[in-house]
Amino acid sequence: TPATWRDKTVFVKFEGVMTDTRVTINGQSAGPVHQGGYYAFKYDITSLLKPASQKNEIQVDVDDDSMNESVNHAERRGDFWNYAGIFRPVYLEAVPKTFVDRLAINATADGSLDVDVTLSDTRTAAPGGPAALVDMRVLDINGKPVGGQVTATDVVFNEPTHLAEKLPNPRLWTAETPNLYQLEVRLKLGDAVVHTVHQRFGFRTIELRPGQGMFVNGNRVFLKGFARHSFWPDSGRTLSEQISRDDINLIKEMNGNAVRSSHYPPDRHFLDACDELGLYVLDELTGWQAHYDTDIGHKLV
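Here the residue numbers are simple positions, counted from 1 along each chain's written sequence. The predicted nature of this model means local features are confined to residues of pLDDT at least 70 and side-chain atom pairs, given and counted, to a pLDDT of 80 or more, with totals for whole chains, interfaces and linings taken over all residues. Hydrogens are left out, water is left out, and the side-chain values use all remaining heavy atoms of the structure.

Could you give an account of the overall build of the protein, with specific residues and numbers?
Within the protein one finds four helices and 21 strands. Its C-alpha radius of gyration of 21 Å places the protein within 12% of the 19 Å reference for a compact globule of 301 residues. Dimensions of the protein, computed from C-alpha atoms along their principal axes, come out at roughly 60 × 50 × 35 Å. The buried share among the 301 residues of the protein stands at 43%. Within the protein, residue pairs in contact and separated by at least 24 positions form 64% of the contacts whose partners lie at least 6 positions apart. Computed with the Shrake-Rupley method and a 1.4 Å probe, the accessible areas treat only the protein chains shown as cover for residues. Surface accessibility of the protein: about 16,000 Å² in total, with carbon and sulfur atoms responsible for 51%. Two residue types count as positive, namely Lys and Arg, and two as negative, namely Asp and Glu; His and chain ends fall outside the count. Lysine's charge is taken at NZ, arginine's at CZ, aspartate's at CG and glutamate's at CD. Treating the 31 positive side-chain charges of the protein as one cloud and the 40 negative ones as another, the clouds have centres 4 Å apart. What counts as a helix is a DSSP run of H or I of at least four residues, what counts as a strand is a run of E of at least two, and both are numbered from the N terminus. Note that the radius of gyration is over C-alpha atoms, with the globule rule given as 2.2 Å times the number of residues to the power 0.38. Burial classes follow relative accessibility: with a 1.4 Å probe on protein chains only, a residue under 20% of its type's maximum area counts as buried, one over 50% as exposed, and anything between as partly exposed. Contact between two residues is taken to exist if any of their heavy atoms lie within 4.5 Å; hydrogens are not considered.

In C-alpha coordinates, the structure reads:
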(Lines give C-alpha, C1' and ligand atoms only; values in the text may rest on other atoms or scores of the structure.)
Protein backbone atom coordinates (compact mmCIF):
# COMPACT_ATOMS: atom_id res chain seq x y z
CA THR A 1 0.00 0.00 0.00
CA PRO A 2 1.29 3.51 -0.77
CA ALA A 3 2.93 5.54 1.98
CA THR A 4 0.37 8.29 1.28
CA TRP A 5 -2.31 5.96 2.68
CA ARG A 6 -0.72 5.92 6.14
CA ASP A 7 -3.39 8.25 7.59
CA LYS A 8 -6.27 6.79 5.58
CA THR A 9 -8.96 4.20 6.23
CA VAL A 10 -8.48 1.37 3.74
CA PHE A 11 -11.24 -0.93 2.51
CA VAL A 12 -11.02 -3.99 0.30
CA LYS A 13 -14.14 -3.99 -1.86
CA PHE A 14 -15.72 -6.86 -3.78
CA GLU A 15 -18.39 -6.16 -6.39
CA GLY A 16 -19.58 -9.77 -6.63
CA VAL A 17 -18.43 -13.23 -5.48
CA MET A 18 -20.30 -16.55 -5.77
CA THR A 19 -20.90 -17.43 -3.00
CA ASP A 20 -19.73 -17.68 0.69
CA THR A 21 -16.56 -15.60 0.94
CA ARG A 22 -13.86 -15.56 3.64
CA VAL A 23 -11.15 -12.93 3.40
CA THR A 24 -7.88 -12.83 5.35
CA ILE A 25 -5.21 -10.13 5.26
CA ASN A 26 -1.74 -11.23 6.39
CA GLY A 27 -3.33 -14.32 7.92
CA GLN A 28 -5.96 -12.43 9.94
CA SER A 29 -9.68 -12.43 9.24
CA ALA A 30 -10.97 -9.28 7.55
CA GLY A 31 -14.49 -9.80 8.92
CA PRO A 32 -17.48 -12.14 8.93
CA VAL A 33 -18.20 -14.50 6.04
CA HIS A 34 -20.13 -12.76 3.26
CA GLN A 35 -23.12 -14.63 1.84
CA GLY A 36 -24.88 -13.60 -1.38
CA GLY A 37 -23.36 -13.91 -4.83
CA TYR A 38 -24.48 -10.76 -6.68
CA TYR A 39 -23.87 -8.06 -4.10
CA ALA A 40 -21.05 -5.62 -3.38
CA PHE A 41 -19.43 -5.83 0.07
CA LYS A 42 -16.35 -4.43 1.76
CA TYR A 43 -14.10 -4.85 4.79
CA ASP A 44 -12.16 -2.23 6.73
CA ILE A 45 -8.64 -3.70 6.69
CA THR A 46 -6.71 -0.66 7.96
CA SER A 47 -5.53 -2.33 11.16
CA LEU A 48 -4.43 -5.50 9.32
CA LEU A 49 -2.04 -3.85 6.86
CA LYS A 50 1.72 -3.79 7.23
CA PRO A 51 3.77 -0.60 6.70
CA ALA A 52 4.17 0.60 3.13
CA SER A 53 7.68 -0.86 2.79
CA GLN A 54 6.44 -4.42 3.46
CA LYS A 55 4.38 -6.80 1.36
CA ASN A 56 0.78 -7.60 2.29
CA GLU A 57 -0.94 -10.88 1.50
CA ILE A 58 -4.64 -11.29 0.80
CA GLN A 59 -6.33 -14.69 0.71
CA VAL A 60 -9.90 -15.19 -0.46
CA ASP A 61 -11.64 -18.53 0.04
CA VAL A 62 -14.87 -19.02 -1.89
CA ASP A 63 -17.36 -21.87 -1.43
CA ASP A 64 -19.39 -22.96 -4.44
CA ASP A 65 -22.39 -23.69 -2.24
CA SER A 66 -23.46 -21.60 0.74
CA MET A 67 -23.73 -22.74 4.35
CA ASN A 68 -27.16 -21.07 4.24
CA GLU A 69 -29.64 -23.20 2.32
CA SER A 70 -31.86 -20.25 1.44
CA VAL A 71 -28.91 -18.67 -0.41
CA ASN A 72 -28.47 -21.90 -2.39
CA HIS A 73 -32.18 -22.04 -3.23
CA ALA A 74 -32.32 -18.38 -4.28
CA GLU A 75 -29.06 -18.26 -6.24
CA ARG A 76 -27.83 -21.72 -7.19
CA ARG A 77 -30.97 -23.80 -7.75
CA GLY A 78 -32.77 -21.28 -9.94
CA ASP A 79 -33.48 -21.45 -13.65
CA PHE A 80 -30.29 -19.69 -14.77
CA TRP A 81 -26.60 -20.38 -15.29
CA ASN A 82 -24.33 -20.53 -12.25
CA TYR A 83 -20.61 -19.89 -12.04
CA ALA A 84 -18.68 -19.99 -8.78
CA GLY A 85 -15.81 -17.67 -7.91
CA ILE A 86 -14.84 -14.01 -8.07
CA PHE A 87 -16.56 -12.63 -11.16
CA ARG A 88 -16.75 -8.88 -10.57
CA PRO A 89 -13.99 -6.37 -9.77
CA VAL A 90 -11.98 -6.39 -6.52
CA TYR A 91 -10.06 -3.29 -5.45
CA LEU A 92 -8.72 -1.25 -2.54
CA GLU A 93 -10.32 2.05 -1.57
CA ALA A 94 -8.61 4.61 0.67
CA VAL A 95 -10.65 7.37 2.31
CA PRO A 96 -9.97 9.87 5.11
CA LYS A 97 -10.46 8.68 8.70
CA THR A 98 -13.62 10.80 8.69
CA PHE A 99 -15.51 10.24 5.44
CA VAL A 100 -18.79 10.15 3.49
CA ASP A 101 -19.81 6.50 3.52
CA ARG A 102 -22.93 6.58 1.33
CA LEU A 103 -25.70 8.73 -0.12
CA ALA A 104 -29.43 8.17 -0.65
CA ILE A 105 -30.99 10.65 -3.09
CA ASN A 106 -34.66 11.26 -3.82
CA ALA A 107 -35.14 13.93 -6.49
CA THR A 108 -38.73 14.40 -7.66
CA ALA A 109 -40.35 16.07 -10.64
CA ASP A 110 -41.30 19.24 -8.74
CA GLY A 111 -37.62 19.94 -8.09
CA SER A 112 -37.59 18.69 -4.51
CA LEU A 113 -34.28 17.13 -3.50
CA ASP A 114 -34.00 15.07 -0.32
CA VAL A 115 -30.65 13.53 0.55
CA ASP A 116 -29.57 11.27 3.40
CA VAL A 117 -25.79 11.37 3.91
CA THR A 118 -24.25 8.71 6.16
CA LEU A 119 -20.90 9.78 7.59
CA SER A 120 -18.35 7.55 9.30
CA ASP A 121 -15.53 8.29 11.72
CA THR A 122 -12.82 5.66 12.17
CA ARG A 123 -10.39 7.70 14.25
CA THR A 124 -9.10 5.56 17.13
CA ALA A 125 -8.64 8.48 19.51
CA ALA A 126 -11.68 10.20 20.95
CA PRO A 127 -12.78 12.70 18.28
CA GLY A 128 -11.93 16.21 19.31
CA GLY A 129 -11.09 19.47 17.65
CA PRO A 130 -13.37 21.20 15.15
CA ALA A 131 -16.96 20.10 14.74
CA ALA A 132 -18.07 18.12 11.69
CA LEU A 133 -20.55 19.50 9.20
CA VAL A 134 -21.73 18.43 5.76
CA ASP A 135 -22.89 20.48 2.79
CA MET A 136 -24.26 19.77 -0.67
CA ARG A 137 -24.90 21.57 -3.92
CA VAL A 138 -26.36 20.59 -7.29
CA LEU A 139 -24.19 20.77 -10.40
CA ASP A 140 -25.13 20.23 -14.01
CA ILE A 141 -23.59 17.30 -15.85
CA ASN A 142 -20.61 19.49 -16.82
CA GLY A 143 -19.93 20.51 -13.21
CA LYS A 144 -21.47 24.00 -13.27
CA PRO A 145 -23.42 24.89 -10.08
CA VAL A 146 -27.16 25.26 -10.67
CA GLY A 147 -28.35 25.51 -7.07
CA GLY A 148 -27.34 27.04 -3.78
CA GLN A 149 -25.29 25.38 -1.05
CA VAL A 150 -27.15 23.60 1.75
CA THR A 151 -25.35 22.90 5.03
CA ALA A 152 -26.17 20.65 8.00
CA THR A 153 -24.34 21.17 11.28
CA ASP A 154 -26.23 18.62 13.39
CA VAL A 155 -24.03 15.75 12.18
CA VAL A 156 -24.12 12.33 13.90
CA PHE A 157 -21.64 9.75 12.66
CA ASN A 158 -22.91 6.37 11.42
CA GLU A 159 -26.46 7.72 11.12
CA PRO A 160 -28.09 9.51 8.18
CA THR A 161 -27.87 13.30 8.10
CA HIS A 162 -30.73 14.83 6.11
CA LEU A 163 -30.35 17.71 3.68
CA ALA A 164 -33.06 19.18 1.46
CA GLU A 165 -33.36 21.74 -1.32
CA LYS A 166 -35.80 22.67 -4.07
CA LEU A 167 -34.52 23.43 -7.58
CA PRO A 168 -36.85 25.56 -9.75
CA ASN A 169 -37.84 24.05 -13.10
CA PRO A 170 -35.30 21.23 -13.34
CA ARG A 171 -34.84 19.29 -16.57
CA LEU A 172 -36.63 16.02 -15.82
CA TRP A 173 -35.40 12.46 -16.29
CA THR A 174 -37.32 9.96 -18.40
CA ALA A 175 -36.14 7.12 -20.63
CA GLU A 176 -36.71 9.45 -23.62
CA THR A 177 -35.02 12.46 -21.95
CA PRO A 178 -32.35 11.08 -19.60
CA ASN A 179 -31.36 14.44 -18.14
CA LEU A 180 -28.80 14.06 -15.36
CA TYR A 181 -27.36 16.32 -12.70
CA GLN A 182 -24.54 15.83 -10.21
CA LEU A 183 -24.74 16.12 -6.45
CA GLU A 184 -21.58 17.33 -4.73
CA VAL A 185 -21.37 16.45 -1.03
CA ARG A 186 -18.55 17.69 1.20
CA LEU A 187 -17.63 16.69 4.73
CA LYS A 188 -15.86 19.42 6.66
CA LEU A 189 -14.08 19.51 10.01
CA GLY A 190 -14.27 23.18 10.89
CA ASP A 191 -13.27 25.05 7.73
CA ALA A 192 -11.26 22.15 6.29
CA VAL A 193 -12.87 20.00 3.57
CA VAL A 194 -11.75 16.43 4.37
CA HIS A 195 -13.84 14.42 1.88
CA THR A 196 -15.81 15.26 -1.29
CA VAL A 197 -18.00 12.86 -3.28
CA HIS A 198 -20.07 13.26 -6.45
CA GLN A 199 -23.16 11.28 -7.45
CA ARG A 200 -25.15 11.56 -10.67
CA PHE A 201 -28.95 11.63 -10.40
CA GLY A 202 -32.09 12.69 -12.23
CA PHE A 203 -35.27 14.48 -11.15
CA ARG A 204 -38.24 12.17 -11.66
CA THR A 205 -41.44 11.01 -9.95
CA ILE A 206 -42.61 7.44 -10.53
CA GLU A 207 -46.12 6.45 -9.43
CA LEU A 208 -48.10 3.22 -9.63
CA ARG A 209 -51.76 4.29 -9.67
CA PRO A 210 -54.21 1.45 -8.88
CA GLY A 211 -56.34 0.62 -11.89
CA GLN A 212 -54.54 3.15 -14.09
CA GLY A 213 -50.94 2.05 -14.50
CA MET A 214 -47.47 3.49 -14.20
CA PHE A 215 -46.88 7.23 -14.41
CA VAL A 216 -43.55 9.04 -14.80
CA ASN A 217 -43.61 12.77 -14.03
CA GLY A 218 -47.40 12.66 -14.30
CA ASN A 219 -47.50 10.97 -17.71
CA ARG A 220 -48.68 7.40 -18.23
CA VAL A 221 -45.88 5.12 -19.42
CA PHE A 222 -45.95 1.62 -20.92
CA LEU A 223 -42.93 -0.54 -20.28
CA LYS A 224 -41.60 -2.25 -23.40
CA GLY A 225 -38.43 -4.15 -22.80
CA PHE A 226 -36.50 -7.28 -22.04
CA ALA A 227 -35.37 -9.56 -19.25
CA ARG A 228 -31.57 -9.30 -19.33
CA HIS A 229 -29.09 -11.67 -17.74
CA SER A 230 -25.62 -10.48 -16.76
CA PHE A 231 -23.92 -12.92 -19.09
CA TRP A 232 -21.51 -13.01 -22.02
CA PRO A 233 -20.50 -16.14 -23.99
CA ASP A 234 -16.75 -15.49 -23.72
CA SER A 235 -16.62 -14.44 -20.06
CA GLY A 236 -19.66 -15.81 -18.23
CA ARG A 237 -20.81 -13.39 -15.53
CA THR A 238 -17.77 -11.14 -15.93
CA LEU A 239 -18.83 -8.13 -17.99
CA SER A 240 -17.48 -4.73 -18.98
CA GLU A 241 -18.89 -1.24 -19.23
CA GLN A 242 -18.75 -1.56 -23.03
CA ILE A 243 -20.93 -4.70 -22.96
CA SER A 244 -23.41 -2.86 -20.71
CA ARG A 245 -23.61 0.03 -23.15
CA ASP A 246 -23.91 -2.26 -26.17
CA ASP A 247 -26.79 -4.16 -24.53
CA ILE A 248 -28.63 -0.93 -23.66
CA ASN A 249 -28.16 0.53 -27.12
CA LEU A 250 -29.45 -2.71 -28.66
CA ILE A 251 -32.59 -2.56 -26.48
CA LYS A 252 -33.18 1.06 -27.48
CA GLU A 253 -32.60 0.28 -31.17
CA MET A 254 -35.44 -2.27 -30.87
CA ASN A 255 -37.65 0.51 -29.47
CA GLY A 256 -37.48 -0.75 -25.90
CA ASN A 257 -37.59 1.59 -22.93
CA ALA A 258 -37.20 -0.87 -20.03
CA VAL A 259 -35.06 -3.74 -18.75
CA ARG A 260 -35.54 -6.30 -16.01
CA SER A 261 -32.35 -7.42 -14.27
CA SER A 262 -33.32 -11.05 -14.18
CA HIS A 263 -32.81 -12.37 -11.60
CA TYR A 264 -30.24 -10.46 -9.51
CA PRO A 265 -28.65 -7.01 -9.28
CA PRO A 266 -26.53 -6.19 -12.36
CA ASP A 267 -23.11 -4.58 -12.45
CA ARG A 268 -22.98 -1.01 -11.20
CA HIS A 269 -21.77 0.18 -14.62
CA PHE A 270 -24.94 -1.22 -16.18
CA LEU A 271 -27.15 0.83 -13.86
CA ASP A 272 -25.02 3.94 -14.42
CA ALA A 273 -25.32 3.50 -18.19
CA CYS A 274 -29.12 3.05 -17.93
CA ASP A 275 -29.24 6.40 -16.11
CA GLU A 276 -27.18 8.04 -18.82
CA LEU A 277 -28.67 6.43 -21.95
CA GLY A 278 -32.27 6.18 -20.73
CA LEU A 279 -33.85 2.91 -19.62
CA TYR A 280 -36.34 2.15 -16.86
CA VAL A 281 -34.87 -0.61 -14.69
CA LEU A 282 -36.61 -3.28 -12.62
CA ASP A 283 -33.76 -4.22 -10.27
CA GLU A 284 -34.28 -7.58 -8.56
CA LEU A 285 -33.16 -9.23 -5.36
CA THR A 286 -31.96 -12.68 -6.39
CA GLY A 287 -34.64 -15.35 -6.55
CA TRP A 288 -36.53 -17.31 -9.14
CA GLN A 289 -38.56 -20.21 -7.76
CA ALA A 290 -37.15 -19.71 -4.26
CA HIS A 291 -36.06 -16.89 -1.99
CA TYR A 292 -33.69 -15.88 0.81
CA ASP A 293 -34.62 -16.25 4.46
CA THR A 294 -35.44 -13.05 6.33
CA ASP A 295 -32.01 -12.58 7.98
CA ILE A 296 -30.05 -12.91 4.74
CA GLY A 297 -32.61 -11.03 2.65
CA HIS A 298 -32.64 -8.08 5.06
CA LYS A 299 -28.85 -7.74 4.87
CA LEU A 300 -28.76 -7.91 1.09
CA VAL A 301 -31.61 -5.42 0.56
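Tell me about the pairing of strand E15 (residues 192-201), and name the residues and values.
Pairing between strands is defined by DSSP: at least two bridges between the two strands are required. In this sheet, E15 lies alongside strand E14 (residues 181-189) in antiparallel orientation, the contact comprising nine bridges. Bridge pairing in E15 places Arg186 opposite Thr196.

An account of the nonpolar core is needed here, citing residue identities and associated values.
Among the nonpolar cores identified, the biggest contains 23 residues, and Leu113, Val117, Val134, Met136, Leu183, Val185 and Phe201 are the most heavily contacted of them. For this core, the element with the most residues is E14, which contributes five residues. In this structure, Phe201 is in contact with Ile105, Ala107, Leu113, Val138, Asn179, Leu180, Tyr181, Gln182 and Leu183, ignoring residues within four places of it in sequence. Counting residues in each nonpolar core, the second largest holds twelve residues, with Val17, Val23, Ile25 and Leu49 among its members. We call a set of buried residues a nonpolar core when its members are Ala, Val, Leu, Ile, Met, Phe, Trp, Tyr or Cys and they connect through side-chain atoms within 4.5 Å of each other.

Residue-level account of the side chain of Ser244, with values.
Locating Ser244 in the fold gives a position in helix H2 (residues 241-253). Taking relative accessible area as the criterion, Ser244 reaches 0% and is therefore assigned buried. With near-sequence residues (within four places) excluded, Ser244 lies in contact with Arg228, His269 and Phe270.

Would you mind going over the sheet that holds strand E21 (residues 280-282) in detail, with residue names and values included?
Taken in spatial order, the three strands line up as E19-E20-E21 in an open sheet, and their pairing is parallel. Every other strand in the sheet has two partners, leaving strand E19 (225-227) and E21 as the edge strands with one partner each. Between one strand axis and the next, the sheet turns by 15° as a mean value, whatever way the strands run. Axes here mean lines fitted to C-alpha atoms, for a helix over just the part in contact, with angles spanning 0 to 180 degrees between N-to-C directions.

I'd like a rundown of helix H3 (residues 268-277), residues and numbers included.
Residues of H3 that are buried: Phe270, Ala273 and Cys274. What you see down the axis of H3 is that its buried residues fit within an arc of 105°, all on one side. If you follow the buried residues of H3, they end up packed against H2, strand E20 (258-260) and E21. Just beyond H3, the residue with positive phi is Gly278, at close to 100°. Throughout, the arc means that of the directions going from the helix axis to the C-beta atoms.

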